[in-house]
Amino acid sequence: MELQQIRRLVTEAFDTTYYTTYFDREKSVLRIERKKDRTGVDLGLNPLVAKAKRRGVIAVEETIEYIKAVLEQTEPVSLIGHEQQVFPVIRAKSFADETKDGKKIISTPHTGETKIMYALDLGATYRLIDEELLNQAGWSTEHLSEAARFNLKTLEAPFKMDEVAGNIFYFLSTGDGYEASRVLNKQLLSDYAEKMTGEFAVGIPHQDVLIFADIRNDAGYDVLQQLMFDFFTNGRVPVTALPFMYEEGKLEPVFVLAKNKHPKS
């Protein structure tokens, strides 16, 4: 699929009675706005073209569905009375710390490659929690983090297992948007660490998948490298193409090159 074809598909999906679209040719960015308040989403078309070439029209349809879920959320949101709907989300360390209108998004450190942000679950989508929302509820960042991690523990983790070249890979993709977040569940990591007979590798290529790997031979590193690249380039919200090694309760990012692994300095 070519850029103009994708641009047309996205544009036609939004009723002109309620939405306006603007196309920045120089940056290849399509903006979709609600007419009534000019709330909008900026969509980079070049990454979507790349995904569509690999996955077909389904990649475009998923993007349209996500944008509609965001823009159809018109009711004001509040943390008050919704403590059980707060969850952590993993983001790349380079992910923006402010919203388009200048509100600071709450985040806490995670690894050298990632950070933790917090989301208020709204059903079909969620809202990243900013300082304004936090202050309106009278919550501290510590209270937000504790509530989010507690709620995370209530989510099931039905991994699917696959064996490749003598190595065991576990994949979590439930569709709830918090798959990568489960890497913060210390008990889950501890339980899987006990299953490993080789090295325990963890992958967070994008927000909608979590990979655990029992690396038992050199071929496992090659497979892991390819998996991380494939998932990272196909993810709606990419996190990191670098895998982590889990040792003594800590995640250490590593470069995986051919049949060797090199700790990231």
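Each value, and the rule that gives it
Residues numbered from 1 in each chain as written. Predicted model: local features only at pLDDT ≥ 70, side-chain atom pairs only at ≥ 80, totals over all residues. Heavy atoms only, no water. Helix = DSSP H or I, 4+ residues; strand = E, 2+ residues; numbered from the N terminus. Rg over C-alpha atoms; globule rule 2.2 N^0.38 Å. Buried < 20%, exposed > 50% of the residue type's maximum accessible area, 1.4 Å probe, protein only. Contact = heavy atoms within 4.5 Å. Areas by Shrake-Rupley, 256 points an atom, 1.4 Å probe, with all protein chains shown as cover. Core = buried A, V, L, I, M, F, W, Y, C linked by side-chain atoms within 4.5 Å. Pairing = 2+ DSSP bridges. Axes fitted to C-alpha atoms, helices over the stretch in contact; angles between N-to-C directions. Phe/Tyr/Trp six-rings, centres within 6.5 Å; stacked < 30°, edge-to-face > 60°. Arc of directions from axis to C-beta. Lys, Arg positive; Asp, Glu negative; His and termini not counted. Salt bridge = Lys/Arg side-chain N within 4 Å of Asp/Glu carboxyl O. Polar contact = N/O pair within 3.5 Å; in protein donor to acceptor, adjacent residues only side chain to side chain.

Chemist: Which residues make up the overall build of the chain, and what values do they have?
Modeler: When you go through the chain residue by residue, the secondary structure sums to seven helices and 14 strands. At 20 Å, the chain has a C-alpha radius of gyration in line with the 18 Å of a compact globule built from 265 residues. Dimensions of the chain, computed from the C-alpha atoms along their principal axes, are close to 60 × 50 × 35 Å. Counting across all 265 residues of the chain, residues that qualify as buried make up 44%. Excluding contacts between residues fewer than 6 apart, the proportion of contacts in the chain whose partners are at least 24 apart in sequence is 56%. Per element, the accessible surface of the chain, about 14,100 Å² overall, is 49% carbon and sulfur.

Chemist: Run through the nonpolar core, naming residues and quoting values.
Modeler: By size, the foremost hydrophobic cluster in this structure holds 36 residues, and its most contacted members are Ile129, Val202, Ile204 and Phe212. Setting aside its immediate chain neighbours within four residues, Phe212 contacts Phe159, Ile168, Phe169, Tyr170, Leu188, Leu189, Tyr192, Met196, Phe200, Ala201 and Val202. The next biggest cluster of nonpolar side chains, apart from the first, holds 18 residues, and it includes Leu3, Phe14, Leu30 and Leu48.

Chemist: Can you lay out the sheet that holds strand β1 (residues 19-24) for me, pointing to particular residues and giving the numbers?
Modeler: Here three strands make up an open sheet; going across it, the order is β1-β2-β3 and the pairing antiparallel. Two strands in the sheet have a free side with no partner beyond their single neighbour: β1 and β3 (40-44). Adjacent strand axes in the sheet meet at a mean angle of 20°, parallel and antiparallel pairs treated alike. Note that β1 and strand β2 (residues 29-34) share six bridges and pair antiparallel. When the sheet's bridge partners are listed, Thr20 is paired in β2 with Glu33. Packed on one face of the sheet, helix α3 (residues 57-71) meets β1, β2 and β3 and runs near 160° to β3.

Chemist: Describe the packing of aromatic side chains, and please don't skip the residues or the numbers.
Modeler: Enumeration according to the criterion identifies 11 aromatic pairs in this entry. With a centroid separation of 5.0 Å and an interplanar angle of 55°, the aromatic rings of Phe159 and Tyr192 are classed as tilted. Taken together, the residues Phe159 in the loop between α5 (141-152) and β8 (160-164) and Tyr192 in helix α6 (residues 186-193) connect sequence positions 33 residues apart. Assessed through its relative accessible area of 15%, Phe159 is described here as buried. For Tyr192, a relative accessible area of 10% translates into the label buried. Ring geometry for Tyr170 against Tyr192: centres 5.1 Å apart, planes inclined by 80°, an arrangement best described as edge-to-face.

Chemist: Can you tell me about helix α2 (residues 45-55), naming the residues and giving the values?
Modeler: In an α-helix, one turn spans 3.6 residues; hence positions three or four apart end up facing the same way. Every buried residue of α2 is listed here: Leu45, Leu48, Val49, Lys51 and Ala52. When α2 is viewed along its axis, its buried side chains cluster within an angular range of 165° and face the same direction. Buried-residue contacts for α2 involve α1 (3-12), β1, β2, β3, α3 and α7 (218-234). Of the residues one or two after α2, Gly56 is the one with positive phi, at around 85°.

Chemist: Tell me about the side chain of Arg91, and please be specific about residues and values.
Modeler: Note that Arg91 resides in strand β4 (residues 86-92). Although Arg91 is buried, it makes no salt bridge; Asp208 carries the closest opposite charge, 7.6 Å away. In terms of polar contacts, Arg91 uses its side chain to reach the side chain of Tyr126, at 2.9 Å. If we skip the residues at most four places from it in the chain, Arg91 touches Glu113, Thr114, Lys115, Met117, Tyr126, Leu128, Gln207, Val237 and Val239.

Chemist: So, the pattern of salt bridges: which residues are in play, and what are the values?
Modeler: Applying the stated criterion across every chain yields a total of 11 salt bridges. Between Arg55 and Glu62 there is a salt bridge; the shortest N-O distance is 3.0 Å. The exposure class assigned to Arg55 is partly exposed, which follows from its relative accessible area of 33%. Looking at Glu62, the relative accessible area reads 34%, which means it is partly exposed. The partner of Arg127 in a salt bridge is Asp130, and the shortest N-O contact between them spans 3.0 Å. The partly exposed category is assigned to Arg127, whose relative accessible area is 27%. Judged by its relative accessible area of 1%, Asp130 is buried. Salt bridges linked by common partners bring Arg31, Glu33, Arg38 and Asp42 together as one network.

Fair warning: the whole summary comes from geometry, so function is off the table for now.
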